[in-house]
Amino acid sequence: TQLADALFDMYEAVLKRALPNFLDTFVRDMANDYLEETLVKFVGACPENNDVAPERHLDWRDMLMLPAEATIAGASGTSPYGDVIPWVMDIVESQLFAADDDGLIALNDMLIRPLTKSQSGTEGLIHMNGTLVDLHKVDVEQDIWRAFAQNLRLKLSDFRLAGVDTLREPFQLLKPRSSSAHLLENKLSFGIDDQAVDASVQLELVVGGDQSPLATNNVMDLHIGVPSIEVLAVLLATVSESRFIQMPLRDVLNFHCWLSMIPQSALNVGAAIPVFDMLLGGGMLPKTSCVSCSNGMLNDLNTIIDFLNANDFIDIIQSRGLSILSDLMQSDFMRGMIDGQLSKSAAQCPSDPKFGLTLEQIGTPYRATRDLVDTIIYAGMVVVETITIIYAQKHTSVAPPVNITLDMLVPDDAQLIDLTDFSSVASWADMALAEGKSYLGGMVETDNGDNVLGISSLLSSVLDDDGLMTFPLADQNHGFEAGGVKLLLVDVSLVGLDSFEVFDVLNTTDPNTFSNKIKLETIGVNLKMELSVGENADPEMVTVALTMKDVEIDVGLGVAMDQNLLGSLRLGSIIDTSHIFFCILSTIHSAGLSEFVMRIGDISEFSISGFISDETNKQIQSITKAVFTDYKQMIVDAIPAFTSTTIRPLLHEILQVLMDMGKGSQCPEPDNSLEGLVDIRDLFLSESRALALLGRGNSPYGDLFRSLYSVLDRMMSATDENGMPEMNSLIATLTERQSNVEGDIHFRGDLFSQNIDVALNGLNAKIDIALSDLRISNIDSLGAPIKLLQPMMGESSALNNSVSIGVGEDALRTSFTLKVNGEGDEVQ
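If you're wondering where the values come from, they're calculated on a predicted model, not measured in any experiment.

A.B. asks: Can you walk me through the sheet that holds strand β4 (residues 183-190) in this structure?
C.D. replies: Hydrogen bonds along the backbone pair up the strands of a sheet, which may run parallel or antiparallel. Pairing is antiparallel across the open sheet formed by four strands, whose spatial order is β3-β4-β7-β8. This sheet does not close on itself; its edge strands, each paired only once, are β3 (168-176) and β8 (271-281). Adjacent strand axes in the sheet meet at a mean angle of 15° when their direction is disregarded. Pairing geometry for strand β7 (residues 228-237) and β8, over nine bridges, is antiparallel. The residue of β8 that forms the bridge with Ala237 is Ala271.

See the structure below:
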């Protein structure tokens, strides 16, 4: 060793000078010779692998497993795709997929935590600090919706997902199944004892407008925590062997080229997710917090969430949602989406024959399932009840305002109708109004001997046997169709219009204001819809019902109606009933609600029936019962404040919009093309009936008179159990109001008085004739059939009228007082 050290010290400088020349000559020459010999050996040694049948698909067991494992799994175990990928997968599984003593996967430390810290600054947190969704309506058009809000905004932002670094056992990724060559099993598990998976997003909800009673501006953080999540997804993927073997290296990093190897769906071919399941251990734990909320009650929203959780709503939605998600992932719709992506990828892979082509869009339209619609109905009912609770809480401490003074904007030269004195409109108007109010608000006796308010008696003719007033809507096509779901609004029925206890309306408090007070034992609404799910499914009837008891409504209506504008309205503008409302509004300079207060004693029903399963029906009844138990009294107590501070301004603004529409194009000018005489057949009858009587049959005069005549026609044809016209009952009621005797009309005082000077053949006299105190009795003795104002065949201006009076036991009788006084030379 000492000798070697001595020699090294002696020749070190020489060796340093000689080494570069030695490497550049001797070593370089030897290396070049070796490389040349090696290249000669391997020329033609790289196999082409062109003998693979194009219809064959990769066996994932041979592709991803070591030969021994592939053989056990049922594959060939001959490494037909080489040994590089199995070797890489074996390293990945042993290094990245291995679990520590706590069951956490090594992938957390080696990949997830570094990536998430780089993205968000916090390990295990994915943070998208930006806007995800921003639905913003800056200026709502001038229509009914503008009364609700002038601008709207729904914004989702600042998404956070924490706990993604809790990946744990059981864990599998792209694990071939031994039962099939084309199935890959994936199992992902997240969440540990002290760290749940937590998702949060910031919600901004703005309903704007200076006049909107619904105006609000709320920014909230929404959180959902899940203690543990387990996902099982089995992927079917059939990859062409020939495309894989012949894939150019330049395309290896092109994601689309890998997808383009998968053919589109056919029997057991393509890509799909035949198995998908998700489990949430410990359930969902939702909570909210206000960043800035104009509605202070949203600060206490967690209390309502706890209430819903205690009544199993969160668990039910979780269970149903996971089931629906599983069905969706395995549906034809998802398979169609995958096929669509495969088609797009083929057009974006340079080595694919379809590269650069514009391909037809591929996909299967989404078709909702009955379970999905069932769940939406369940969630919708609970959401409505939750919103009701929130609004009730908001109005609990609000006192209903007293009558509000309306700011009536009226031109200086306007001649307004004085609501306290209608004589300027017509001499009989005040009397007619008083009689109408007296009848509607007074007690009358029905045919069966019951005493009811006049309004109830009047409405009885348009109510069905159950006391409902139904408005058919099916012909108006209110509804929608999407995703195989068809919803059609059939009709709306008002409940309780036969239960009026007080009907005191049109009381004038000043020249421009009517006060109205209504009280009913019951009031409610039934909404009927036809619902079907599926292309050929028969529609099923769904009924939503809301019923309230002991209802009192106070309404103050201010109206500044221009007498000149009202008088100048043309009959031709209002002969179509759809125009009457807007034409009347066009004569009003200003109108509004000075008061609208509703008080109720109880909410007796809020339910939905039809279509939904028995299980869903029980769940809705259960949550509704819980809401009624905990919150109903608060809701009932808040209704006066809610109707006066929220509904009144809303109805007031809707009225302003309707008046603007009336002053616009909604009240048309009369049709100036009509010339000649009115054809009574077309005026009174439907198009088909008018045509049958040789009329024009094209409704040239609108439907106003036709509607009035149809009412008269029904009254004339209706008979009671004795075969007598039911019109007698109406005549009896009206005549009693006039004379206090059913069937009698009594005109008191002088009806006719005339002074006559007679000079005839030497007779000179003055004669006074007077007729007074006229009474016509038993007018309510009409017999069937009654024919009044009946159009005739081939006659455009002739009407047939025939009626029998005095039918029955009592004859028609007329009495009057006739006074005749004479004075003259020959008459005394």
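A.B. asks: Help me out: how do you make sense of the confidence of the model for the protein in this one?
C.D. replies: Detailed reading of predicted coordinates is not advised where the pLDDT is low. Here the protein averages 85 in pLDDT, while 93% of its residues score no lower than 70. For the protein, per-element mean pLDDT is lowest for helix α6 (residues 144-148), which scores 66, and highest for β4, which scores 94.

A.B. asks: Help me understand the side chain of Asp165 in this model?
C.D. replies: With respect to the element layout, Asp165 can be found in the loop between β2 (151-162) and β3. Classification of Asp165 as buried rests on a relative accessible area of 5%. A polar contact of 3.4 Å, which involves the side chain of Asp165, links it to the side chain of Gln195. Apart from residues lying up to four places away in sequence, Asp165 is in contact with Asn108, Ile112, Arg113, Glu123, Gly124 and Gln195.

A.B. asks: Would you mind going over the environment of Leu188 with me for this structure?
C.D. replies: Residue placement: Leu188 occurs in strand β4. Considered as a pair, Leu188 and Ala233 are 45 residues apart in the sequence and their alpha carbons are 8.7 Å apart. If sequence neighbours within four positions are ignored, Leu188 has contacts with Leu167, Pro170, Phe171, Gln172, Ile229, Glu230 and Val231.

A.B. asks: Where do I start with the packing of aromatic side chains in this structure?
C.D. replies: How two aromatic rings sit relative to each other is given by the distance of their centres and the angle of their planes. All chains considered together, the criterion is met by 10 aromatic pairs. Between Phe500 and Phe503 the ring centres are 5.4 Å apart and the planes differ by 85°, which places this aromatic pair in the edge-to-face class. Judged by relative accessible area, which is 16%, Phe503 ranks as buried. Aromatic pair Phe684 and Tyr709: ring centres 4.9 Å apart, planes at 5°, arrangement stacked. Here Phe684, found in helix α19 (residues 680-684), pairs with Tyr709, found in helix α21 (residues 704-717); they are 25 residues apart in sequence, far enough to count as distant. Among the residues examined, Phe684 registers a relative accessible area of 13% and is labelled buried. By relative accessible area, Tyr709 is classed as buried at 6%.

A.B. asks: Whenever I open this one, the pattern of salt bridges confuses me. Can you help?
C.D. replies: Oppositely charged side chains may form a pair once their charged atoms are brought near each other. If you walk through the whole model with that rule in mind, you get 23 salt bridges. Among the salt bridges present, the one from Asp352 reaches Arg243, with a minimum N-O distance of 3.0 Å. Here Asp352 is found in the loop between α11 (332-346) and α12 (370-395), whereas its partner Arg243 is found in helix α7 (residues 241-245), with 109 residues between them in sequence. With relative accessibility at 23%, the residue Arg243 sits in the partly exposed group. With a closest N to O distance of 4.0 Å, Glu481 and Lys486 form a salt bridge. By relative accessible area, which is 35% here, Lys486 ends up partly exposed.

A.B. asks: Is there a simple way to explain the nonpolar core in this structure?
C.D. replies: Nonpolar side chains in soluble globular proteins tend to end up buried together. Core analysis: the biggest nonpolar cluster contains 63 residues, and Val373, Phe500 and Ile600 have the highest contact counts within it. Dropping the residues within four chain positions of it, Phe500 is found in contact with Leu453, Ile455, Ser456, Leu459, Ile518, Lys519 and Leu520. Core analysis: the next-biggest nonpolar cluster, separate from the first, contains 31 residues, Leu58, Trp60, Met63 and Met329 among them.

A.B. asks: I would appreciate a short explanation of the sheet that holds β2 in the present structure.
C.D. replies: Strand order in the open sheet formed by five strands is β1-β2-β5-β6-β9, and the pairing between neighbours is antiparallel. For this open sheet the edge positions go to β1 (125-137) and β9 (285-293), each flanked by a neighbour on one side alone. Looking at each pair of strands side by side, their axes are set apart by 15° on average, direction ignored. Where strand β6 (residues 216-226) and β9 come together, eight bridges link them in antiparallel fashion. Across the sheet, residue Gly225 finds its bridge partner in β9, namely Leu285.

A.B. asks: Is there a simple way to think about the packing of helix α10 (residues 313-329) against α12 in this case?
C.D. replies: Helix-helix packing: each pair is described by the crossing angle between the helix axes and the interaxial distance. Remark: α10 packs on α12, axes separated minimally by 10 Å, with the N-to-C direction vectors making an angle of 155°. As judged from the angle between their axes, α10 and α12 are roughly antiparallel. Handedness of the crossing formed by α10 with α12: left-handed. Residues Phe313, Ile316, Ile317, Arg320 and Ile324 of α10 form the contact with α12, whose own contacting residues are Asp371, Leu372, Asp374, Thr375, Tyr378, Ala379 and Val382. A breakdown of the residues in the contact of α10 with α12 according to their chemical character gives eight nonpolar, one polar and three charged.

A.B. asks: Help me understand the pairing of β4 in this model?
C.D. replies: In summary, the side chains of a regular strand alternate between the two faces of the sheet. Here β3 runs beside β4; their pairing, made up of four bridges, is antiparallel. For Pro176, the partnering residue across the bridge sits in β4 and is Leu184. Taken together, the eight bridges between β4 and β7 define a ladder with antiparallel strand orientation. Counterpart to Asn186 in the pairing with β7 is Ala233.

A.B. asks: Would you take a moment to explain the environment of Arg177 for this structure?
C.D. replies: Mapped onto the elements, Arg177 comes out in the loop between β3 and β4. Taking the relative accessible area as the measure of exposure, Arg177 reaches 26% and is therefore partly exposed. It is 9.5 Å that separates the C-alpha atoms of Arg177 and Gly74, two residues lying 103 residues apart in sequence. If sequence neighbours within four positions are ignored, Arg177 has contacts with Arg61, Leu183, Glu185 and Val234.

A.B. asks: Where do I start with the packing of helix α17 (residues 577-585) against helix α18 (residues 614-663) in this structure?
C.D. replies: Their axes nearest at 7 Å, the elements α17 and α18 cross at an angle of 100°. Taken together, α17 and α18 sit at an angle that is classed as roughly perpendicular. Where α17 abuts α18, its residues Phe581, Phe582 and Leu585 lie against Leu655, Leu658, Met659, Met661, Gly662 and Lys663. Counted by class, the contact of α17 with α18 contains seven nonpolar, one polar and one charged residues.

A.B. asks: Just checking my understanding: could you explain unusual backbone geometry for this structure?
C.D. replies: Excluding glycine, a negative phi dihedral is what most residues carry, and trans is how most peptide bonds are arranged. Glu169 connects to Pro170 through a cis peptide bond whose omega is -5°. With an omega of -5°, the peptide bond between Ala784 and Pro785 qualifies as cis. With respect to the secondary-structure elements, Pro785 resides in strand β22 (residues 783-792). You will see that Asp312, though not glycine, has its phi angle at about 70°, which is positive. Residue classification places Asp312 among the partly exposed positions, given a relative accessible area of 42%.

A.B. asks: What am I meant to see in the state of the cysteines here?
C.D. replies: Disulfides are covalent bonds that connect the sulfur atoms of two cysteines. This structure, assessed with the given rule, holds two disulfides. The side chain of Cys257 participates in a disulfide bridge whose partner is Cys349; the two sulfur atoms lie 2.1 Å from each other. Between Cys257 and Cys349 the sulfur-sulfur dihedral comes to about 105°; the bridge is accordingly right-handed. Remark: Cys349 occurs in the loop between α11 and α12 and Cys257 occurs in helix α8 (residues 255-260); sequence separation between them is 92 residues. Look at Cys257 and you get buried, because its relative accessible area is 1%.

Definitions and cut-offs
Residues numbered from 1 in each chain as written. Predicted model: local features only at pLDDT ≥ 70, side-chain atom pairs only at ≥ 80, totals over all residues. Heavy atoms only, no water. Pairing = 2+ DSSP bridges. Helix = DSSP H or I, 4+ residues; strand = E, 2+ residues; numbered from the N terminus. Axes fitted to C-alpha atoms, helices over the stretch in contact; angles between N-to-C directions. pLDDT = per-residue confidence, 0-100. Buried < 20%, exposed > 50% of the residue type's maximum accessible area, 1.4 Å probe, protein only. Polar contact = N/O pair within 3.5 Å; in protein donor to acceptor, adjacent residues only side chain to side chain. Contact = heavy atoms within 4.5 Å. Phe/Tyr/Trp six-rings, centres within 6.5 Å; stacked < 30°, edge-to-face > 60°. Salt bridge = Lys/Arg side-chain N within 4 Å of Asp/Glu carboxyl O. Core = buried A, V, L, I, M, F, W, Y, C linked by side-chain atoms within 4.5 Å. Parallel < 35°, antiparallel > 145°, perpendicular 65-115°, else oblique. Left-handed = near helix turned anticlockwise from the far one by under 90°. Nonpolar A, V, L, I, M, F, W, Y, C, P; charged D, E, K, R; others polar. Disulfide = S-S within 2.5 Å.

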